[in-house]
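Residue strings, one per chain:
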Amino acid sequence: MKSVKITSIVAAPLLGESPKGGWSAEIKPEDSVHTLIAVHTDAGIIGHGSVFSNGGLVEAALKVLEPLYAGENALEPERVSEKLHQNTFWMGRGGTLTHAISGIDIALWDVLGKALGQPVARLLGGVYRTRVMPYCSVLMEEPGLMRDVAAKAREDGYRALKIGWGPFGRRNDTKLDEAIVRAAREGFGEDTRLFVDAGGSDAYWPQRLKWAIRTSHMLKDYNVGWFEEALKPDALEDFVELRKQSPVPIAGGEVLTRRQSFTPWFVRGAFDIVQPDATKVGGISEQRRIAWMAEEFGVRYIGHGWNTAIGVAADLQISAAMPHTDVVEFIGGSAYVDGLLTEPFRLDAEGYLEIPMLPGIGVSLDPEKVARYSPSWKGLFAR
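A brief report on the enclosed structure follows.

1. Some details on helix H12 (residues 309–321)
Working step 1: Between its first and last C-alpha, H12 extends 19 Å over 13 residues, near the 18 Å set by a 1.5 Å rise per residue.
Working step 2: With respect to burial, H12 is a largely interior element, 13 of its 13 residues being buried.

Have a look at this one:
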């Protein structure tokens, strides 16, 4: 099979059940923050991707990109995606266009896998694991409710939990911060993995380096596996200093896009764990490059995955193809994760997810389910 041509690319914004993000300007259910992508080809193969962006912005981006992708070979995801990046960087590298290209790239890898009858993980170089532990990603709450939320996650079978955003760090109350973490640990249990995300990429994040250093020492007492987004996302030098002084691993990088922006963070030693998001950073192609660059610098790659079932599927394939990626992010209770697929993700008895070894990214969207959340759902499927 020498060529499978792209005939069209369509976007389907997800609406109606958008999960809360803990942001200062909170997401409403009817807001569009995630968009599905479908790449249609002349071979009848359809690939699906996901974009972390407003649906209207993605639709506008596709119009800009169409002259560059129309008629292109869908079996060459890295070349096609790089073509889109190289010919549009002057319009705003890292913004809407980069996010939209991310979804296109994921969908192109899905097409390639389906055309060759292989899972994307194998096409990325090989399979290191066939299952991985998801960490249930939930918002921080007041201590009493936080304990209940953590206990519910444990009852649902999760063995890893990340608590983030909410009141943590936003009330200038260190006792409250500690009480929230203590409640999560008590509710989730001592024999589990617990991660903390301050949410420093929120608008007008109020905390600075000294708070982050003090908080990192508090988190050590609760056996927290990493401290994420403790500072404003551009505070490179503060991240470097925090990593030097923190007794727990420091994680971040979810707002960075394209591989070039990660280089100074690796060179300066700012992260123990790097968290690019495949639905923002440039897709699977870019995510893989960043993950291997991290490996060379001794930094662990754990993808940011606060998006959709298609995003989770992409993360699962990448996690299979990387030697040290032992957890993936999984939004607890999100309709866009739990309610889109013909075969929903399910935890096994030990709290792991099986990594689909089916062709492409290994999952299938259910038209009836997607129709609940997108008026544009028909464009994702065969016409």
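Still to come is the rest of the account.
2. Let's talk about the pairing of strand S4 (residues 131–139)
Working step 1: The buried fraction of S4 is high, at 7 of 9 residues.
Working step 2: Two elements, S4 and strand S12 (residues 353–354), share 2 bridges in a ladder whose sense is antiparallel. Looking across to S12, one finds that Arg131 is bridged to Glu354.
Working step 3: In terms of strand pairing, S4 meets strand S11 (residues 327–331) through 5 bridges, oriented parallel.

3. Regarding the sheet that holds strand S3 (residues 46–51)
Working step 1: Here 3 strands make up an open sheet; going across it, the order is S1-S2-S3 and the pairing antiparallel. With partners counted over all chains shown, the strands left at the sheet margins are strand S1 (6–13) and S3, one partner each. Pairwise comparison of adjacent strand axes, ignoring direction, gives a mean angle of 20° for this sheet.
Working step 2: Relative to S3, strand S2 (residues 35–41) runs antiparallel, the two being bridged by 6 bridges. Across the sheet, the residue bridging to Ala38 is His48, located in S3.
Working step 3: Across the face of the sheet, helix H1 (residues 55–69) comes into contact with S1, S2 and S3 while running at roughly 170° to S1.

Rules used throughout
Residues numbered from 1 in each chain as written. Predicted model: local features only at pLDDT ≥ 70, side-chain atom pairs only at ≥ 80, totals over all residues. Heavy atoms only, no water. Helix = DSSP H or I, 4+ residues; strand = E, 2+ residues; numbered from the N terminus. Expected span 1.5 Å × (residues − 1). Buried < 20%, exposed > 50% of the residue type's maximum accessible area, 1.4 Å probe, protein only. Pairing = 2+ DSSP bridges. Axes fitted to C-alpha atoms, helices over the stretch in contact; angles between N-to-C directions. Contact = heavy atoms within 4.5 Å.

Read these as layout, nothing more, since geometry by itself doesn't imply function.
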